[in-house]
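Now for the letters of each chain:
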Amino acid sequence: MLKRTRALLGSLAAAAFVAFTPAGAVADTYWQCVPFARLISGIQIFGDAWTWWNQAAGKYETGFQPRAGAVLCFKPTARMRLGHVAVVSQVLTDRVVQITHANWSPIEGSRGKVEKDVTVIDVSPSGDWSQVKVWYDPNRDLGGSTYSTHGFIYPDMSARVMAASGMSKVQNGAIAVAQSAASQMAGAVRPGQGALSVLSQAADSTDRIAALIAAATGGGDTNK
């Protein structure tokens, strides 16, 4: 519980940087995962998502434990040939996080949308985040597929400054965010509430999170 509480406290500030992004959907706004992740993380890596992990070597700290503000790098698959990158918005437990990312679920039938605070669960045998399941909006649940990841790229101080600037651009440009998954954790942790309220809810969330992990590890491998 203490470890989980520390993770929640550490993630509150990072959650704030997307909390004021306007909700809804804008038909003419199309985001790829890479430029969006670069904008809100401040991590200055360019090129396809699958190249980020190798590019980060010697430039940014990397690792296998989630931190708020870090970029989670997905390995390419047959259906996701360019890989994927997503920014950790909240760390809920050592095996459950929420991410904010672009161009994953089709929202109202459209690709290229941003999803805020969607749940990702570590289902790797070793608990090292090498395999994850991700919330998929059309299912209103975790997707059936298990995705392999490289790990996390952690922003340095310069990246944090750039991320703050990037989020100002997001707000000024009125980028739409599909807040599609916060409701699934309603009985656990809900972004936007005060720290005391969040921690109070988190204290009762162990069973719900365990159920999510159990559901993820028992899922198939057919849906996104």
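All of the points below concern the structure found in this document. (Residues numbered from 1 in each chain as written. Predicted model: local features only at pLDDT ≥ 70, side-chain atom pairs only at ≥ 80, totals over all residues. Heavy atoms only, no water.)

## Remarks on the overall build of the protein chain
Of the regular secondary structure elements, the protein chain holds six helices and nine strands. For the protein chain, the proportion of its 224 residues judged to be buried stands at 52%. Accessible area for the protein chain stands at about 10000 Å²; split by element, carbon and sulfur atoms hold 54% of it. (Helix = DSSP H or I, 4+ residues; strand = E, 2+ residues; numbered from the N terminus. Buried < 20%, exposed > 50% of the residue type's maximum accessible area, 1.4 Å probe, protein only. Areas by Shrake-Rupley, 256 points an atom, 1.4 Å probe, with all protein chains shown as cover.)

## Looking at the pairing of strand S5 (residues 114-122)
Summarising burial for S5: nine of the nine residues are buried, a large majority. Here S5 pairs with strand S6 (residues 131-136) via three bridges, running antiparallel. Opposite aspartate 122, over in S6, you have valine 132 as the bridge partner. (Pairing = 2+ DSSP bridges.)

## Examining the side chain of glutamate 115
Within the secondary structure layout, glutamate 115 lies in strand S5. No salt bridge is formed by the buried glutamate 115; the nearest opposite charge belongs to arginine 140, separated by 6.8 Å. A distance of 3.1 Å separates a polar atom in the side chain of glutamate 115 from the backbone nitrogen of serine 105. (Lys, Arg positive; Asp, Glu negative; His and termini not counted. Salt bridge = Lys/Arg side-chain N within 4 Å of Asp/Glu carboxyl O. Polar contact = N/O pair within 3.5 Å; in protein donor to acceptor, adjacent residues only side chain to side chain.)

## Here we look at the nonpolar core
Ile43, Ile45, Trp52, Val71, Cys73, Val85 and Ile153 are the most contacted members of the largest nonpolar core, which totals 22 residues. Within the residue set of this core, elements represented by two or more residues are helix H2 (33-41), helix H3 (52-56), strand S2 (71-74) and strand S3 (84-93). If you tally residues by element for this core, the top one is H2, at six residues. Ignoring any residue separated from it by four or fewer positions in sequence, one finds isoleucine 153 in contact with Ile43, Ile45, Trp52, Trp53, Ala56, Tyr60, Glu61, Thr62, Ala70, Val71 and Cys73. (Core = buried A, V, L, I, M, F, W, Y, C linked by side-chain atoms within 4.5 Å. Contact = heavy atoms within 4.5 Å.)

## Some thoughts on H2
Of all nine residues that make up H2, eight are buried, and the element is covered over most of its length. Looking one or two residues beyond H2, the residue adopting positive phi is glycine 42, at roughly 80 degrees.

## So, the pairing of strand S8 (residues 147-154)
Counting buried positions along S8 gives six out of eight residues, so the element sits mostly inside the fold. For S2 and S8, the ladder comprises four bridges, and the chain directions are antiparallel. When the bridges of S8 are listed, cysteine 73 appears paired with glycine 151. Sheet topology places S6 next to S8; two bridges connect them, and they run antiparallel. Residue pairing across strands places valine 132 opposite tyrosine 147, the latter belonging to S8.

## A closer look at the packing of aromatic side chains
Tallied over the full model, the rule gives six aromatic pairs. On the numbers, 5.5 Å between centres and 75 degrees between planes, the contact of tryptophan 31 with phenylalanine 36 is edge-to-face. According to the relative accessible area criterion, tryptophan 31 is buried, its value standing at 19%. Accessibility expressed as a relative area gives 3% for phenylalanine 36, which makes it buried. (Phe/Tyr/Trp six-rings, centres within 6.5 Å; stacked < 30°, edge-to-face > 60°.)

## Regarding the pattern of salt bridges
All chains considered together, the criterion is met by three salt bridges. For glutamate 61, the salt bridge goes to arginine 67, with nearest N and O atoms at 2.9 Å. The partly exposed category is assigned to glutamate 61, whose relative accessible area is 45%. Residue aspartate 122 is joined to arginine 95 by a salt bridge in which the shortest nitrogen-to-oxygen separation is 3.2 Å. With aspartate 122 in strand S5 and arginine 95 in the loop between S3 and strand S4 (96-102), this pair connects stretches of sequence that are 27 residues apart. On the basis of relative accessibility, which here comes to 0%, the residue aspartate 122 falls in the buried class.

## Let's talk about the layout of surface pockets
Counted as a void, the largest pocket has a volume near 340 Å³. Around the largest pocket sit 17 residues that line it, and Gln32, Cys33, Leu82, Gly83 and Asn103 are the ones nearest its centre. For the lining of the largest pocket, the leading source of residues is H2, giving three residues. Looking at the lining of the largest pocket, its residues break down into eight nonpolar, four polar and five charged. (1 Å grid on protein atoms, 1.4 Å probe; cavity = no way out; pocket = protein on both sides within 12 Å on 5 of 7 lines; lining within 4 Å. Points joined across faces, edges and corners; volume = space filled by probe spheres on them. Nonpolar A, V, L, I, M, F, W, Y, C, P; charged D, E, K, R; others polar.)

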